[in-house]
Every structure is written in structure tokens, then in C-alpha cells.
Amino acid sequence: MPSPKSKNPVHGGGSPVLGSSNGRYDFMSLTKPLNRSSPPHQRQGSDPATARLRASESPTRRRGSSSSTGSGQGLPEEDGLRLNPSFIRVALSSLLAIDLWMSKTMGVCACEDSSWGSVRPLMKLIEISGHGIPWLAGTAYCLYKSDSATGQEVMLNLFMGLLLDLVLVTIVKAVVRRRRPAHNRMDMFATFSVDRFSFPSGHATRAAMCGRFLLAHLVLAAPLRFLVVLWAALVGLSRVLLGRHNVTDVMFGFWMGYVQYNLIEMLWLSPQTLQGLLGQLA
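Reading the values: the criteria
- Residues numbered from 1 in each chain as written.
- Predicted model: local features only at pLDDT ≥ 70, side-chain atom pairs only at ≥ 80, totals over all residues.
- Heavy atoms only, no water.
- Patch = residues over 30% accessible without salt bridge, like charges linked within 9 Å, V, L, I, M, F, W, Y side chains within 5 Å.
- Areas by Shrake-Rupley, 256 points an atom, 1.4 Å probe, with all protein chains shown as cover.
- Salt bridge = Lys/Arg side-chain N within 4 Å of Asp/Glu carboxyl O.
- Helix = DSSP H or I, 4+ residues; strand = E, 2+ residues; numbered from the N terminus.
- Buried < 20%, exposed > 50% of the residue type's maximum accessible area, 1.4 Å probe, protein only.
- Axes fitted to C-alpha atoms, helices over the stretch in contact; angles between N-to-C directions.
- Parallel < 35°, antiparallel > 145°, perpendicular 65-115°, else oblique.
- Contact = heavy atoms within 4.5 Å.
- Nonpolar A, V, L, I, M, F, W, Y, C, P; charged D, E, K, R; others polar.
- Phe/Tyr/Trp six-rings, centres within 6.5 Å; stacked < 30°, edge-to-face > 60°.
- Lys NZ or Arg CZ within 6 Å of the ring centre and 35° of its normal.

Trainee: Report on a nonpolar patch on the surface, specifying residues and quantitative values.
Mentor: On the surface, Phe 87, Ile 88, Leu 92, Leu 95, Ile 98, Trp 101 and Met 102 cluster together to form a nonpolar patch covering roughly 790 Å² of accessible area. By the element assignment, Met 102 lies in helix 3 (residues 59-106). Taking relative accessible area as the criterion, Met 102 reaches 33% and is therefore assigned partly exposed.

Printed below as a string of C-alpha cells:
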């Protein structure tokens, strides 16, 4: 006859375990109940605080939080990086447009049928007066004919300055490679390969350098000093009127020639220094 205890219902939500030696049901301790309606993380033996801590420390959560934080901090910097180049690009484009417009407007002697085409021969004469070949030939002749040590020293350094000007202008033109204005007529005197480029104006650099040199090392009266300054300004102006250069080419050329004179003063050669250098080379 079966025991009356086998017909009793299971109380306390416990689960019966078979296999006891005395043939009776053993029940799990009520101190560790298994509640199937509880959340999975509680069934696995972890409390809610521990689960939240683990979730916050998970690699996915850390990556998401770091990426969101980085993107939040990077947005202002990225916006600034986009804004600055855009502003600089717009400013440079505006300056370039103004430069091209002014150069084309001032190119009134570019052709014979231009508005000031009758003045073109005079502008070409001024152009030749600032060319490098006449200046090199004239300086070499004065150096050969000079019978004083002071005159030879001055002409020697002027000749070296003209050579330096040719080298520097050629390098800058080859690097920048800016084309001459479209309205220019290529009928210049004694051109070279780099003369198809426009930036900077070699005539402007030469005029500024030679003008400063003559004013500093030649004893000239006030009218002659004024004529030297006027000649340098007309050489630069003729480059724009003839359509040879843009306005910025001439402006940069004047600045470059001004700096070149300072370089000549730093590298000033005396006849004694030149003779010493020639003796070392020999």
C-alpha cells in the first residue's frame, strides 16, 4: 500500500527529486527557490546591479560610448577645418578675379587696335630700357672702361646683382608657371624659354633693384633721382599696359627687386675680395 505522503501536493514551488534510498520524495531547500518567472540574469545567479555593471563594461558599450564621445568632440574641429580652407579659397579666388579684371582693363596698349594702341611704340621702348640684356651689356662695358677702383667695385657688384636677378626670376617663374595674360601679344624682345610665364615680372624686379642701386651708390642731383624713380615706375606700368603681366606680377616683382638689393649689400664684393677668390680658384 503506497504511503500517504506520495499523494500530498508539492508545496512551496519545490521540485521533487527521485532516487532516495528510503523510497520517499526529497524536496529542495526552500532557501534557494527557483522562480521561473524571474528575469534570465537572476536565474543565472546575478543580481540586477551586477548585470548593469557588466553591460556597461562590455566592449560593444565601450566602443559605442567612445565613438559617440569622440564624434561629439570632433564635430566643432572638423567644422573649423572645413570653414578655414573654404574662407581662404574664396578670398584667394576673389583676389585673383580682381587681379585679372584690373590687368585686362589696364591692358590698353596690348595691340595696335587697342584704345591706346598709338602709345604702344613708346611703351615698347620703355620695355627695352628695362630688359636684362642691355643692362648686362652696359654694366660690363662700364666695368671694362672704368679706371678707378671705386667705379670698378660699383660696376662689379651691379653686374653680379643683375646675374643674381636673372637666376632668381628664372627659378620663381619655373616653379610658379603662371601663364601670361590672354590678351598679351608675344612680340617681346629677346625672349627665353621661361619668358612664356608671367610671375613675377623680371622687368619690375630689375627696375626696383637697379633703381635702389643707382640711388645708393651714384651721386645724383635731385632731378636725376626723381627720373630714376619715375623710370622704375614706368617700367612696371608698361608691363601691365602692354598686356605682358598681371598687376600682381608687377607688384611682387617690385618687392622682389627691393629684397634683392638688400641681398647684394650683404654679399658685397670688393676688388680685393674678387682677386682673392680668383687666386684660390687658379
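After presenting the structure, the write-up continues.
Trainee: Tell me about the pattern of salt bridges, and name the residues and values.
Mentor: Oppositely charged side chains can form a pair if their charged atoms are brought close together. On inspection of all chains with the given rule, the structure shows 12 salt bridges. In this structure, the salt-bridge partner of Arg 244 is Glu 127, at a minimum N-O distance of 2.8 Å. Taken as a pair, Arg 244 in the loop between helix 8 (222-241) and helix 9 (247-266) and Glu 127 in helix 4 (residues 120-129) lie far apart in primary sequence, 117 residues in all. Measuring nitrogen to oxygen at the nearest pair gives 3.9 Å for the salt bridge that ties Asp 187 to Arg 185.

Trainee: Explain the packing of helix 7 (residues 202-217) against helix 8 residue by residue, including any values.
Mentor: Between two packed helices, both the angle of their axes relative to each other and the distance between the axes serve to describe the pair. Where helix 7 meets helix 8, the closest approach of the two axes is 9 Å, and the angle between their N-to-C directions is 175°. As far as their axial angle goes, helix 8 and helix 7 are roughly antiparallel. Judged by residue contacts, His 203, Ala 207, Gly 211 and Leu 215 of helix 7 engage Arg 225, Val 228, Val 229, Trp 231, Ala 232, Val 235 and Arg 239 from helix 8. Grouping the constituent residues of the contact of helix 7 with helix 8 by class yields 7 nonpolar, 2 polar and 2 charged.

Trainee: Before we move on, can you summarise the side chain of Asn 184 with the specific residues and values?
Mentor: By the secondary structure assignment, Asn 184 is in the loop between helix 6 (149-176) and helix 7. The buried category is assigned to Asn 184, whose relative accessible area is 13%. Apart from residues no more than four positions distant in its own chain, Asn 184 is found in contact with Leu 242, Gly 243 and Arg 244.

Trainee: Before we move on, can you summarise the packing of aromatic side chains with the specific residues and values?
Mentor: Tallied over the full model, the rule gives 5 aromatic pairs. Ring plane angle 20° and centroid distance 6.0 Å describe the contact between Phe 213 and Trp 268, whose orientation is recorded as stacked. One end of the pair, Phe 213, is in helix 7; the other, Trp 268, is in the loop between helix 9 and helix 10 (271-281), with 55 residues separating them in the sequence. The exposure class of Phe 213 is buried, given its relative accessible area of 1%. Judged by its relative accessible area of 24%, Trp 268 falls in the partly exposed class. Pairwise contacts between aromatic rings join Phe 199, Phe 252 and Trp 255 into one cluster. Looking at Arg 212, its charged tip hangs above the ring of Tyr 258, at a distance of 3.8 Å from the centre.

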